[in-house]
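# Descriptive structure summary
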Amino acid sequence: MRVIVAKPGLDGHDRGAKVVARALRDAGVEVVYTGLHQTPEQVVEAAIQEDAQAIGLSILSGAHMTLFKRVMELLNERDATDIVVFGGGIIPDADIPLLAEIGVAKIFTPGASTQEIIDWVNTLRSPQPS
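Below, the structure is looked at part by part. (Residues numbered from 1 in each chain as written. Predicted model: local features only at pLDDT ≥ 70, side-chain atom pairs only at ≥ 80, totals over all residues. Heavy atoms only, no water.)

### A short note on helix α5 (residues 114-123)
Turning to α5, its buried residues are Ile117, Ile118, Trp120 and Val121. The buried side chains of α5 occupy one side of the element, clustering within an arc of 165° when seen end-on. (Buried < 20%, exposed > 50% of the residue type's maximum accessible area, 1.4 Å probe, protein only. Helix = DSSP H or I, 4+ residues; strand = E, 2+ residues; numbered from the N terminus. Arc of directions from axis to C-beta.)

### Digging into unusual backbone geometry
Backbone geometry at His37 places phi at a positive 60°, although glycine is not the residue there. With respect to the element layout, His37 can be found in the loop between β2 (30-33) and α2 (40-49). Even without being a glycine, Asp51 presents a positive backbone phi close to 55°. With relative accessibility at 54%, the residue Asp51 sits in the exposed group.

### A word on the layout of surface pockets
Of the volumes computed, that of the largest pocket is approximately 360 Å³. Around the largest pocket sit 24 residues that line it, and Gly16, Val20, Gly88, Gly89 and Ile117 are the ones nearest its centre. Counting residues per element, the ones that place at least two in the lining of the largest pocket are α1 (15-26), β3 (54-59), β4 (84-89) and α5. Looking at which element gives the most residues to the lining of the largest pocket, the answer is α1, with five residues. (1 Å grid on protein atoms, 1.4 Å probe; cavity = no way out; pocket = protein on both sides within 12 Å on 5 of 7 lines; lining within 4 Å. Points joined across faces, edges and corners; volume = space filled by probe spheres on them.)

### Observations regarding the pattern of salt bridges
Evaluated as defined, the whole model comprises eight salt bridges. Of the charged contacts, one joins Arg70 and Glu41 as a salt bridge, the two residues approaching to 3.2 Å between their closest N and O atoms. With Arg70 in helix α3 (residues 64-77) and Glu41 in helix α2, the pair connects residues that are 29 residues apart, well separated along the chain. Classification of Arg70 by relative accessible area gives partly exposed; the value is 27%. With a closest N to O distance of 2.7 Å, Arg78 and Glu45 form a salt bridge. Separated by 33 residues along the polypeptide, Arg78 in the loop between α3 and β4 and Glu45 in helix α2 bring together distant segments of the chain. (Salt bridge = Lys/Arg side-chain N within 4 Å of Asp/Glu carboxyl O.)

### Overview of the pairing of strand β1 (residues 2-6)
Of all five residues in β1, four are buried, a share of seventy percent or more. Note that β1 and β2 share four bridges and pair parallel. From the neighbouring strand, Arg2 faces β2, where its bridge partner is Glu30. Where the polypeptide runs from β1 across α1 and back to β2, its parallel neighbour, the crossover connection is right-handed. As defined by bridge partners, β1 adjoins β3 across four bridges and the pair is classed as parallel. Within the sheet, the bridge partner assigned to Ala6 lies in β3 and is Leu57. (Pairing = 2+ DSSP bridges. Right-handed = clockwise from strand over helix to strand, strands pointing away.)

The structure is reproduced here in structure tokens:
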């Protein structure tokens with residue numbers, strides 16, 4: 001299982017992303033952390049190049065609607081809709097259903113434990129019932 005963890009946009013706070021990346025690594029997930037200030041194009045390119053099964057975006061800047069939407073558009077344009085997108089950060093509860101509508105699989109809000117994130121990512125390893 002390979003996951004891209006990314007900090008898109010101008011947000012410079014990456015402690016949470018690094019904590020999640022480390023927890024996933026410790027749980028046996030191969031993680032590629034892209035670093036700060038990534039464009040959606042860079043994130044999607046990294047996911048495709050690395051043959052990732054998922055992209056985890058950490059967004060604290062308030063630009064979550066724009067950034068998630070662009071990542072989803074780019075995955076669609078690149079015929080990479082099999083890559084699951086999830087995220088976390090400061091995202092209002094009212095925006096979570098809107099993100100789900102555009103295809104974001106899961107949002108973790110502040111207070112989510114790393115174990116909760118690991119458990120959810122592990123569900124991606126098993127085939128889903130049709």
